[in-house]
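Here is how the chains run, residue by residue.
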Amino acid sequence: MTEAVAAARRSRITPEREAELYGAVLDLLREVGYDALTMDAVAARTRSSKATLYRQWGGKAELVVKALRHTKRGHVEDIDTGTLRGDLHALVAMEDDCTMARNSALMRGVAMAMHHNEDLRDAFKEQIVDAEIGKGRQMLQRAIDRGEVRPDCPAIDFLVHMMVGGFATRTLLEDQPPTREFLISYVDAVILPALGA
């Protein structure tokens, strides 16, 4: 299906209705997990037809990933404070502690589901991971252009890995969700020194 055809099909749903559908998908995902989430359940929860859901999103993996992407507050590409430290702090500040706690639990469930659902893994990588890596590289390129980071710094390729690590290890090692305070400390103590900034 071409991008134009897909866009035309999606345009039949208003942005408000789309947001409502995505919210319902994430609520179901939190309640039952990815494996137990069905298009029938989404249709029932959102008072939609299953045919409409398949026509708009193609399948469960695509719908879930689009719902996850839709909930992101702000856009990384809009952040440009003039310093890498300021940019990373602004990135952390895009979500409050309550939202981070809810999203952290949700993402753990999705990460587990990706291990045995190739379609989910592929959609997640294509629509979220690759986009975040690209945006992180743009942020770092500005820091390189300003002279804050050496262009040959070996940590450049691991910015997204380090950010994800801060989220994941907080929960795994301390059994607590990440918070703004924790992540800002992590940025200052780990990420910026690794980048030589």
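Heads up: the structure comes first, above all this text.
The rules behind these values
Residues numbered from 1 in each chain as written. Predicted model: local features only at pLDDT ≥ 70, side-chain atom pairs only at ≥ 80, totals over all residues. Heavy atoms only, no water. Helix = DSSP H or I, 4+ residues; strand = E, 2+ residues; numbered from the N terminus. Contact = heavy atoms within 4.5 Å. 1 Å grid on protein atoms, 1.4 Å probe; cavity = no way out; pocket = protein on both sides within 12 Å on 5 of 7 lines; lining within 4 Å. Points joined across faces, edges and corners; volume = space filled by probe spheres on them. Nonpolar A, V, L, I, M, F, W, Y, C, P; charged D, E, K, R; others polar. Axes fitted to C-alpha atoms, helices over the stretch in contact; angles between N-to-C directions. Parallel < 35°, antiparallel > 145°, perpendicular 65-115°, else oblique. Left-handed = near helix turned anticlockwise from the far one by under 90°.

**Brief notes about the side chain of Asp87**
Inference 1: Relative to the helices and strands, Asp87 is located in helix 6 (residues 84-92).
Inference 2: When near neighbours in sequence (up to four residues on either side) are disregarded, Asp87 contacts Ile79, Asp80, Thr81, Gly82, Met139, Arg142 and Arg146.

**What about the layout of surface pockets?**
To locate leftover empty space, one rolls a probe as large as a water molecule over the atoms.
Inference 1: Volume-wise, the largest pocket comes out at about 1,300 Å³.
Inference 2: Met107, Phe124, Ile128, Val164 and Phe167 are, among the 37 residues lining the largest pocket, the residues nearest its centre.
Inference 3: Contributions of two or more residues to the lining of the largest pocket are made by helix 5 (60-70), helix 6, helix 7 (97-114), helix 8 (118-146) and helix 9 (159-174).
Inference 4: Among the elements that make up the lining of the largest pocket, the one with the highest residue count is helix 7 (nine residues).
Inference 5: When grouped by side-chain class, the residues that make up the lining of the largest pocket number 24 nonpolar, six polar and seven charged.

**Examining the packing of helix 2 (residues 15-36) against helix 3 (residues 39-46)**
Inference 1: Where helix 2 contacts helix 3, the two axes come as close as 10 Å, and the packing angle between them is 125°. The angle between helix 2 and helix 3 places the two elements in the oblique class. The handedness of the crossing between helix 2 and helix 3 is right-handed. Contacts between helix 2 and helix 3 involve Arg17, Leu21, Ala24, Val25, Asp27, Leu28 and Glu31 from the former and Ala41, Val42, Arg45 and Thr46 from the latter.
Inference 2: Grouping the amino acids of the contact of helix 2 with helix 3 by side-chain chemistry returns six nonpolar, one polar and four charged.

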